[in-house]
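Structure at a glance
For reference, the chains in residue letters:
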Amino acid sequence: MDMVPVVVRSASHVSAYRYLDHRHGTSPRFQVRAKLPFEQQDAKYYQHLEAAVHVVQRACRVCLHVKSSLFSTDANVHQKNDQTPVTVADFGVQALISFELNKLFPSIPLVAEEDSAYLRSRNLAGSVLDAITAIDSPTSKPLTQDDVLEAIDRGGKDAFLFGSEPATYWVLDPIDGTRGFVKAGKALYVVGLALVVEGEIVAGVMGCPNWQEDFSKKSPTELEEVADMLSPSGTIMIAHIGCGTWTKRLNSMPKLPSVWTRCFVDGSNLVQKAHFCIPDSQTWESLPLSSSFNATNNVDDVGDNQVLLLAACCGSLCKYLMVASGRASVFILRAKEKTIIKAWDHAVGMICVHEAGGKITDWSGSEIDLAADQAGRRVIFPFGGVLVTNGCLHHQILEIISHSTTSSL
């Protein structure tokens, strides 16, 4: 692929490059070396996003540290009351991010997944404190176990009562995909943080420590040029309202300077040519598209009446990351009876996909209402389920869902 670099001048004098793919006529791919890839005067929440990127990067280091010793003892993995796994890293990430955000933006409340009740009942605060301080002490003053517990509870369900008015708050999933995190393999997991202002998601950061670039479409010559990148490097994805979605390597090497690359959703406009991902707990046959298409995991053998189903364990945010980066075309989730859909599993993914050119609605085509849970802003109620697409396919898939639902009545 002939990628011609064109220098793009920036007012802050950071190096910026635009790569034009003349062979395929695809959208320009922008790369920028800077703290953030856009000017502060163009981004109202620049300082919030800059702080969020910094603390999510540190949180990812906590994850990597805990994961490296995860299998040395069973005491590192626990079960919550809802039978979902939780680790010291989940609590450590929430404590670290809560502590840092409260120092910088004390008036903005935090909505997050965990609270300290489990830690207190099992006397685990010391283990969480050790996980944080082993990598990064978040303050010049040494942290205490009480600091950790207080920081975690700042995002807990009883920390803040919102009411019916549009609200400003952070939304955090300390580790989305804990089931993947506790596996010995390379299953994806994500640290996800979003800022909601007056009811609108305005900025977000996702950190995926074991994300690997997709080199399947590169030529042997191109693969040789990026040989140093073949090991999992992790990724940071950011989005700011009106400024697009961008990624950079989480674990940069000396030979590979850290640069931001603009992200766009893929251009698939035919359902049968799209790449799909679905929740790990759901099957293709449980979804309405199964009445029109079969699914296969075999990328080399997709039939005329089939779609390609990508494996993407675990959690929802890694699926949003795949759609926003163009690796997947569609993420579809059914809202199951008696299953609560949490805001932190979707908020940051929603802005990343939207700013990359995609679209997110429920199965009726309505926007996801983050304020439906007026008191806590912790739960969302999408009609039928959540549909995340590259935009081109959205109406087509909504029509298939509607037709399938009508036919089943």
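As annotated in an unreviewed UniProt entry, the chain carries the name PAP-specific phosphatase, mitochondrial and comes from Arachis duranensis. Annotation of the chain in UniProt includes, under Sequence similarities (unreviewed entry), the sentence "Belongs to the inositol monophosphatase superfamily." What UniProt records for the chain under Cofactor (unreviewed entry) is the sentence "Mg(2+)".

Further remarks concern the overall build of the chain. Across its full length, the chain holds 10 helices and 20 strands. For the chain, restricting intrachain contacts to residue pairs at least 6 apart in sequence, the fraction spanning at least 24 positions comes to 67%. Looking at the chain as shown, the accessible area adds up to about 19100 Å², and 50% of this sits on carbon and sulfur atoms.

A few words now on the pattern of salt bridges. Here the structure, examined in full by the defined rule, presents 6 salt bridges. Measuring nitrogen to oxygen at the nearest pair gives 3.4 Å for the salt bridge that ties Glu100 to Arg58. With Glu100 in helix H2 (residues 88-104) and Arg58 in helix H1 (residues 46-68), the pair connects residues that are 42 residues apart, well separated along the chain. Residue Glu100 shares its accessibility class with Arg58, and that shared class is buried. The partner of Asp153 in a salt bridge is Arg120, and the shortest N-O contact between them spans 3.2 Å.

Per the counting criterion, the structure on display carries 8 aromatic pairs. Among the aromatic residues, ring-to-ring pairing joins Phe160, Phe162 and Tyr169 into one connected group. Lying over the aromatic face of Phe181, Lys67 brings its terminal NZ or CZ to 5.3 Å of the ring centre.

All right, on to empty space enclosed by the protein then. Summed over the entire model, instances satisfying the criterion amount to 1 cavity of 30 Å³ or more. Its boundaries defined by the atoms lining it, the largest cavity holds a volume of some 40 Å³.

Okay, the nonpolar core next. Judged by nonpolar contacts, the single largest core of 63 residues is most densely connected at Phe38, Val56, Ile97, Trp170, Phe181, Leu193 and Ile238. With near-sequence residues (within four places) excluded, Ile238 lies in contact with Leu36, Pro37, Phe38, Leu49, Val53, Gly204, Val205, Gly244, Thr245, Trp246, Trp260 and Cys352. The next biggest cluster of nonpolar side chains, apart from the first, holds 44 residues, and it includes Ala328, Leu333, Val348 and Val388.

Okay, the UniProt feature "binding site: Mg(2+)" (unreviewed entry) in the chain next. Within the UniProt annotation, "binding site: Mg(2+)" (unreviewed entry) is assigned to Glu113, Asp173, Ile175, Asp176 and Asp345. The annotated residues occupy 233 residues of the chain but converge on a single region, no pair of C-alpha atoms lying more than 9.6 Å apart. Note that Asp173 resides in strand S7 (residues 169-176). Position of Asp176 relative to the elements: it lies in strand S7.

So, how was this worked out
Residues numbered from 1 in each chain as written. Predicted model: local features only at pLDDT ≥ 70, side-chain atom pairs only at ≥ 80, totals over all residues. Heavy atoms only, no water. UniProt positions renumbered as here; feature names shortened; annotations may be inferred. Helix = DSSP H or I, 4+ residues; strand = E, 2+ residues; numbered from the N terminus. Contact = heavy atoms within 4.5 Å. Areas by Shrake-Rupley, 256 points an atom, 1.4 Å probe, with all protein chains shown as cover. Salt bridge = Lys/Arg side-chain N within 4 Å of Asp/Glu carboxyl O. Buried < 20%, exposed > 50% of the residue type's maximum accessible area, 1.4 Å probe, protein only. Phe/Tyr/Trp six-rings, centres within 6.5 Å; stacked < 30°, edge-to-face > 60°. Lys NZ or Arg CZ within 6 Å of the ring centre and 35° of its normal. 1 Å grid on protein atoms, 1.4 Å probe; cavity = no way out; pocket = protein on both sides within 12 Å on 5 of 7 lines; lining within 4 Å. Points joined across faces, edges and corners; volume = space filled by probe spheres on them. Core = buried A, V, L, I, M, F, W, Y, C linked by side-chain atoms within 4.5 Å.

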